[in-house]
Structure formats: structure tokens, C-alpha cells
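Close look at the chain arrangement
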Amino acid sequence: MNMDRAIFDPRASVEATSLYILLCALMDLGQPPTLQLALEKWTGTEESLMAAAEELICRSVLVAKPPIPKDLHLHPTTRDKWF
């Protein structure tokens with residue numbers, strides 16, 4: 001999956017933008033876009049990762065409902081669905 005540069009337009013937090021980029025990178029490597037795999041590469045706390053995921057959900061970049069299982073595949077939506 002190619003990262004959509006529009007992620008920089010809605011002024012999401014640095015953490016949310018970073019998580020989006022990380023999930024896209026995981027998919028580009030053929031790995032599932034899960035919080036479990038993202039956490040292995042995440043430089044912040046687990047709490048900041050979860051907050052970033054919840055922000056992306058609020059912006060409709062990800063579709064899920066908290067609490068998010070760490071093994072759930074979080075495929076980003078297309079920009080036409082983002083807030």
C-alpha cells in the first residue's frame with residue numbers, strides 16, 4: 001500500500017501521523033498492520049500508540065472500535081473517508 005500524503009493535510013498529531021506511516025510500512029513489507037507489530041517499532045509508550053490509534057479512528061483513517069485488540073488488522077481507509 002502506498003502511503004497517502006494527504007495524511008499531513010488534516011493536521012493530525014505527530015503520533016497519529018507516525019502510526020499511519022508505520023502501518024503503511026508494515027503493509028509494504030507484506031506484514032499485517034497490527035498494533036502488536038507496530039509496537040515493536042514504536043519509540044513511544046504503549047499508551048501513546050493506543051492514543052494515536054484512537055485519533056486515527058476518530059478521523060476515520062482507521063476503522064475499529066476501542067478497545068482495539070493488538071492483533072486486529074488495521075488497514076487504513078482511503079482519503080475520501082477521512083475527517
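Scope of this entry: the structure provided in the associated data block.

The rules behind the values
- Residues numbered from 1 in each chain as written.
- Predicted model: local features only at pLDDT ≥ 70, side-chain atom pairs only at ≥ 80, totals over all residues.
- Heavy atoms only, no water.
- Helix = DSSP H or I, 4+ residues; strand = E, 2+ residues; numbered from the N terminus.
- Expected span 1.5 Å × (residues − 1).
- Buried < 20%, exposed > 50% of the residue type's maximum accessible area, 1.4 Å probe, protein only.
- Contact = heavy atoms within 4.5 Å.
- Salt bridge = Lys/Arg side-chain N within 4 Å of Asp/Glu carboxyl O.

1. Side note on helix H1 (residues 14-28)
Because an α-helix packs 3.6 residues into every turn, residues spaced three or four apart end up facing the same way. For H1, built from 15 residues, the straight-helix expectation of 21 Å at 1.5 Å per residue is met to within 8% by its first-to-last C-alpha distance of 21 Å. Within H1, burial applies to Ala16, Thr17, Leu19, Tyr20, Leu22, Leu23, Cys24, Leu26 and Met27. Buried-residue contacts for H1 involve helix H2 (35-41) and helix H3 (46-58). Positive phi shows up at Gly30, right after H1, with a value of about 80°.

2. Description of the pattern of salt bridges
Applying the stated criterion across every chain yields a total of three salt bridges. Measuring nitrogen to oxygen at the nearest pair gives 3.0 Å for the salt bridge that ties Arg79 to Asp4. Pair noted here: Arg79 is in the segment after H3 and Asp4 is in the segment before H1, with a separation of 75 residues, a long-range link. What makes Asp4 buried here is its relative accessible area of 17%.

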